[in-house]
Amino acid sequence: MAGNVPLLEVKNLRVEFPTRRGTLLAVDDVSFEIAPGEVLGVVGESGAGKSLTGNAIIGLLEPPGRIAGGEVRLEGQRIDNLPYEAMRKVRGARIGAIFQDPLTSLNPLYSVSRQLVETIQTHLPLSAREARARALDLLKQVGIPGAEQRIDHYPHQFSGGMRQRVVIALALCAGPRLIVADEPTTALDVSIQAQIIALLKKLCRENGTAVMLVTHDMGVIAETADRVAVMYAGRIAEIGPVRDVIKNARHPYTRGLMGSIPSLGVRTERLTQIDGSMPRLTEIPAGCAFNPRCTSRGERCLVERPDLMAAGASRAACWLHDARGVGTPVPLAREAAHG
Amino acid sequence: MAGGTSFSRWLHRASDSDVWWSFRSSSLTIAAAVVTALILILSFLSPLLAPHTPFDPSTLSLSDGLKPPAWMPDGDWAFPLGTDDQGRDVLSAIMYGTRLSLVVGMASVFVSMLIGITLGLVSGYVGGVTDAVIMRIADVQLTFPAILVALLIDGVVRGLISVQRHDEIALFVIIGAIGLSFWVQYARTIRGSVMVEKNKEYVQAARVIGLSPVLIMVRHVLPNVTGPILVIATINLGLAVISEATLSFLGVGLPSTQPSLGTLIRLGNELLQSGEWWITLFPSITLAALVLAVNLLGDWLRDALNPKLR
Amino acid sequence: MAEGSYVRIEGLKRYFDVSPPWLVRVLEGKPRQIVQAVDGIDIEIAKGETFSLVGESGCGKSTVARLVVGLYPPTAGRIEFDGNDIATRRGQGAHSALRRRLQMIFQDPFASLNPRWRVFDIIAEPIRAFGLSKDKADLEKQVGDLLRQVRLTPADGAKYPHEFSGGQRQRISIARALASRPEFLVCDEPTSALDVSVQAQILNLMMDLQRRLRLTYLFISHNLAVVYHISTRVGVMYLGRLVEEAPTDTLFRRPKHPYTRMLLDTIPDLDMTGRQRAPVAGEVPSPLNPPSGCSFHPRCPFANERCTVERPKALPIEGGSVACHAIEEGRLAIEDRSYAARG
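Residues numbered from 1 in each chain as written. Chains lettered and ligands numbered in written order. Predicted model: local features only at pLDDT ≥ 70, side-chain atom pairs only at ≥ 80, totals over all residues. Heavy atoms only, no water.

## Focus: the nonpolar core
L8(A), F32(A), L139(A), I168(A) and L178(A) are the most contacted members of the largest nonpolar core, which has 94 residues in total. With sequence-adjacent residues up to four places away left out, F32(A) is seen in contact with L8(A), E9(A), V10(A), L40(A), T53(A), I57(A), M212(A), I236(A) and I239(A). Core analysis: the next-biggest nonpolar cluster, separate from the first, contains 51 residues, V90(B), L171(B), V225(B) and W278(B) among them. (Core = buried A, V, L, I, M, F, W, Y, C linked by side-chain atoms within 4.5 Å. Buried < 20%, exposed > 50% of the residue type's maximum accessible area, 1.4 Å probe, protein only. Contact = heavy atoms within 4.5 Å.)

## Side note on the domain arrangement of chain C
A common measure of how large an interface is: the accessible area buried when the components associate. Residues and elements named next belong to chain C. When its domains are assigned, chain C resolves into domain 1 (5–101 + 183–328) and domain 2 (112–182). Taking only C-alpha atoms into account, the centre of domain 1 sits 30 Å from that of domain 2. At the interface, 19 residues of domain 1 touch 15 residues of domain 2. Together domain 1 and domain 2 conceal approximately 1400 Å² of surface at their shared face, both sides included; 65% is due to carbon and sulfur atoms. Inspection of the domain 1/domain 2 interface yields one salt bridge. Between R151 and D208 there is a salt bridge, with its nearest N and O atoms 3.0 Å apart. In this assembly, domain 1 and domain 2 are joined by five residue pairs in polar contact (both at pLDDT 80 or more). Tallying contributions element by element places helix α7 (residues 196–213) first for the side of domain 1 that touches domain 2, with nine residues. Class assignment of the residues belonging to the side of domain 1 that touches domain 2 gives a composition of 11 nonpolar, two polar and six charged. (Domains from an automatic or database assignment. Buried area = accessible area lost by both parts, 1.4 Å probe. Salt bridge = Lys/Arg side-chain N within 4 Å of Asp/Glu carboxyl O. Polar contact = N/O pair within 3.5 Å; in protein donor to acceptor, adjacent residues only side chain to side chain. Helix = DSSP H or I, 4+ residues; strand = E, 2+ residues; numbered from the N terminus. Nonpolar A, V, L, I, M, F, W, Y, C, P; charged D, E, K, R; others polar.)

## Section: the sheet that holds strand β1 (residues 7–17) of chain C
Residues and elements named next belong to chain C. In space, the four strands of this open sheet follow the order β2-β1-β4-β5, with antiparallel pairing throughout. Pairing within the sheet leaves two strands with one partner each, and these edge strands are β2 (34–45) and β5 (84–85). Strand direction decides the pairing type here: strand β4 (residues 76–81) and β5, joined by two bridges, are antiparallel. Considered in β5, the bridge of F81 is made with N84. Seen against the sheet, helix α2 (residues 61–69) touches β1, β2 and β4 and runs at an angle of roughly 115° to β1. (Pairing = 2+ DSSP bridges. Axes fitted to C-alpha atoms, helices over the stretch in contact; angles between N-to-C directions.)

## Description of the interface of chain B and chain C
Contacts between the two partners involve 15 residues from chain B and, on the opposite side, 23 residues from chain C. Taken together, the two surfaces of chain B and chain C that pack against each other cover about 1900 Å², and 56% of this comes from carbon and sulfur. Taken as a group, E201(B), V208(B) and I209(B) account for 36% of the area that chain B buries against chain C, more than any other trio of residues on that side. At the junction of chain B with chain C, the criterion picks out zero salt bridges. Where chain B touches chain C, the interface holds 11 residue pairs in polar contact (both at pLDDT 80 or more). With seven residues, helix α10 (residues 201–209) of chain B is the single largest residue contributor to the side of chain B that touches chain C.

## Focus on the sheet that holds strand β11 (residues 315–317) of chain C
Residue and element names in this part refer to chain C. Taken in spatial order, the eight strands line up as β6-β7-β8-β3-β9-β10-β12-β11 in an open sheet, and their pairing is mixed. Both outer strands of the open sheet, β6 (102–105) and β11, are each paired with one neighbouring strand and no more. With direction set aside, neighbouring strand axes in the sheet form an average angle of 25°. Pairing between β6 and strand β7 (residues 184–188): four bridges, direction parallel. Along β7, the bridge assignment pairs M104 with V186. Contacts from α7 reach β3 (50–54), β6, β7 and β8 (216–221) within the one sheet, and its direction differs from that of β8 by about 155°.

## Topic: the packing of aromatic side chains
Aromatic rings considered in pairs are described by the distance between their centres and by the relative angle of their planes. The final tally for this structure, using the stated rule, is 12 aromatic pairs over all chains. Look at Y253(A) and F290(A): their rings are 5.4 Å apart centre to centre, the planes differ by 65°, and that puts the pair in the edge-to-face class. Residue Y253(A) is located in helix α11 (residues 252–260), and its partner F290(A) is located in the loop between α11 and α12 (299–303); the two are separated by 37 residues in the primary sequence. Taking the relative accessible area as the measure of exposure, F290(A) reaches 3% and is therefore buried. Aromatic pair W277(B) and F282(B): ring centres 6.1 Å apart, planes at 50°, arrangement tilted. Since its relative accessible area comes to 14%, F282(B) is described here as buried. Within the aromatic cluster, the residues linked to one another by ring pairs are Y232(A), Y253(A) and F290(A). (Phe/Tyr/Trp six-rings, centres within 6.5 Å; stacked < 30°, edge-to-face > 60°.)

## Some details on the environment of K89(A)
All names here are of chain A. By secondary structure assignment, the location of K89 is in helix α2 (residues 84–93). Classification of K89 as exposed rests on a relative accessible area of 54%. When the C-alpha positions of K89 and L257 are compared, they lie 39 Å apart, and in sequence the two are 168 residues distant.

## Examining the pairing of strand β7 (residues 178–182) of chain A
Residue and element names in this part refer to chain A. Most of β7 is tucked away: five of the five residues are buried. In terms of strand pairing, strand β6 (residues 95–98) meets β7 through four bridges, oriented parallel. Within the sheet, the bridge partner assigned to I98 lies in β7 and is A181. As for the winding sense of the linkage, the β-α-β connection from β7 through helix α8 (residues 190–207) to strand β8 (residues 210–215) is right-handed. (Right-handed = clockwise from strand over helix to strand, strands pointing away.)

## Quick word on the interface of chain A and chain C
Of the residues lining the interface, 41 residues belong to chain A; the matching set on chain C comes to 48 residues. Contact between chain A and chain C buries roughly 3900 Å² in total, counting both sides, with carbon and sulfur atoms accounting for 53%. Our count for the contact surface shared by chain A and chain C stands at one salt bridge. Residue R270(A) is joined to D208(C) by a salt bridge in which the shortest nitrogen-to-oxygen separation is 3.1 Å. Across the chain A-chain C interface, the total number found is 11 residue pairs in polar contact (both at pLDDT 80 or more). Elements with a contribution of two residues or more to the side of chain A that touches chain C: α7 (160–172), α8, α9 (218–224), α10 (242–247) and α11 of chain A. At five residues, α8(A) tops the list of elements feeding residues into the side of chain A that touches chain C. Residue composition of the side of chain A that touches chain C, grouped by class: 15 nonpolar, 15 polar and 11 charged.

## Overview of helix α5 (residues 136–149) of chain C
Quick reminder: α-helices carry 3.6 residues per turn. Residues three or four places apart thus point the same way. All names here are of chain C. Along its 14 residues, α5 runs 20 Å from first to last C-alpha, staying within 8% of the 20 Å computed at 1.5 Å per residue. Among all positions of α5, only D138, L139, Q142, V143, G144, L146, L147 and Q149 are buried. Lining the buried residues of α5 we find α4 (119–129), α6 (166–178) and α7. Of the residues that open α5, the one with a side-chain oxygen 3.2 Å from the backbone nitrogen of A137 is D135. A positive backbone phi angle near 65° is found at R151, which sits one or two residues after α5. (Expected span 1.5 Å × (residues − 1).)

## A look at the side chain of S101(B)
Note on placement: S101(B) falls in helix α5 (residues 90–126). S101(B) has contacts with V241(B), E244(B), S260(B) and L261(B), leaving out every residue within four places of it along the chain.

## A short note on unusual backbone geometry
The omega torsion of the bond from P63(A) to P64(A) falls at 10°, within 30 degrees of zero and hence cis. Structurally, P64(A) can be placed in the loop between α1 (50–58) and β4 (66–74). Its identity as a non-glycine residue notwithstanding, D82(C) has a phi of 50°, on the positive side. Topologically, D82(C) is positioned in the loop between β4 and β5.

Here you go:
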């Protein structure tokens, strides 16, 4: 991962929402890199800020949300401060996007061929015939059976899984270096999910495209990602190679999360449970955001906010991995915030 | 959960709410609210506030007739906006008249709501043939302008009973007629919301418990579909007042012994040719101001309560 | 714990008529269209056990849940609860007594509670409807106890649903379902809309309650890992039919039906064992036009002639049953699977 210029660099990204009650910080000082051709999973529960991070990178933050600090660099060039037109050219040509709902990602009024050809011609200097040939080729690559006939069909004539394949084709058609995929399989059946994930992996590997995969589903990450970043309350709690983070999590939240997921290897009486719930944006505690739910917390965790620090092969934002430790342990109250 | 504390809690929440904030930030809306409040107070307290009692014949004197507004020559400050040919003070007449217009307006809105909500609720929840029948009736009614419907109902009633009886119950007939001509919008809006809500799981949960459909409709579904009602009612009020004024202007509304703004405008209209303009102008301005203010309030309310616009 | 059927479902069918309106059919010559959402299901649930129904969208599992609880009348078949036929409904009295003993928990924590009612009233409603409380003080005590049972506090009764998180609302739903002191709960994907850590809390709660109150669950889910964790027996549905049914361990370690095998292969490998998984093919066909014979045959690597014409019957095997010609004819071998980590 090191050595070359990273494809995507996010440094100290902050996303805030001004409301009349004050400004809410939804993404707080998030930094990470994606190497060319790498798949980075960004995982977290609802409200963690992962979708907002993805949207901020593509430049599709919905107002009043806005980037309030930090920078986003694509192949060394800053893209977070580009004017609308310039960003539009970057989107599609250099960054592709795949969203959760295939039904709303495609325009129901235009045929698939028209949408593909239009996108291709916007970003590449091809004639209409060449663009159509490329579109057809892409549809075959994503596994649409009978592509020659179906290319002229409308989105509603495809099933959910097929539509998502079309969306993938659309995202790849201009040959982007990076794809940001936000919950690409959540709305699909489990057997289709597996197919779509396999397809995404294969295509990205073949084209050398990097992927930022935002999801709440740890299973999808385990199948697809090279590295994973775990987000909590707008910050990154842990980031590292996928095998390490999953099998040997260093942050208490990640460990709790992995323990909550029922596994087939071992049948336990009770699943590991983290009491309480993720704090709302208006109620983020001082110090480490996870401390009110953490069984390993100490005095230091209540006041000092940890940054990402080395922890084995990964990095975790937790004082447990600091030389000075957490200080005197502060056990959780008996009837802690019920969730 | 005592009454006092929960009210003060509600008050605190209301004063902090988005709706109140959007009200405060729009000067147009505040102006509209002030005008409406002013008109409401002046008209409903007219027995206390009006300088004269224009509809009590014993207080009238023909020698006061046709005086122009006070600031003109020949004017008299005892009659600030002038008098009509019978010696009735225009200002007082407007105040009493507005009260009557508002009573008719509000009562007919209430009638419309009652009919519309009931039919919309039943239509949306029961569905099937009942829904089809009610909606076809609604469609047919919509093809007629509301005024025609009101005229029709009023005409039928007049044909059925004597003129004398009619004068006594004219108020109720007018309220009924206008009420019946405006129920459709309530019914349609409610029906749409009911159809959405009835598939939600809390309704299914109530069905699992085994509650009767009527109970479910009234206790569970109804509280969740009344949102748009306030907006429709507010705009409807303006329409109802105009309808009543139109009917009275045409001579088929309230009788002259109980004049509303519309009647006043009609009476003044007849005198317009001879140059006594104030008798028709001031009621007209009042009517326009009232309806405009109420409509602006309705517009603001619709935007304030619409979560998508925030 | 009494063996045998506490809840018995026989030949349950539910068809939905989704034909275009009569006028359109006449003018455009379009045919009637019937969706066979549930097409002949046989299930037996013993008292105290958790029976899970799994399958993908369109398989009919949610419809089965709603049929059992009485939200739809069945097109055919019997549903017996503790020896009583509950499929033919109507009427209060005795039927109301049966309703009290069987309740439902829904999937969507945001739509399953009336947003205009306070939590207290939501939970008190079944108690009032079945006449289970003596007076106001008793009612308040019962609601308070129920709230405590789901790890909330009695003071939460004064609040409205929107003041709670998804997990908390699901707890309120559970409290409401328990208010009539039922013995049998139908749970329609109760944790699918929740985050993973919240899901763990709710599943633990449900298992605790089951032990303590001796409840029987019919659990609907599409998440196989969750089903593995909490079920006694599992039934797999595909396009309205039950393709396989077995005790949990047997189903996961020795899956028989090709669709069951395919489903198990889709479970992500979170233990990073690198186990071999067969690639999955095709998509669930539209329920409007199901394939003939065995509805799985277009996607089945083991299908033969017979599979395209004859619908397989349920064959009892190894403590469960499976509806598959390939198994019946001995063409398909049954092997053990292991999910444990290698070395």
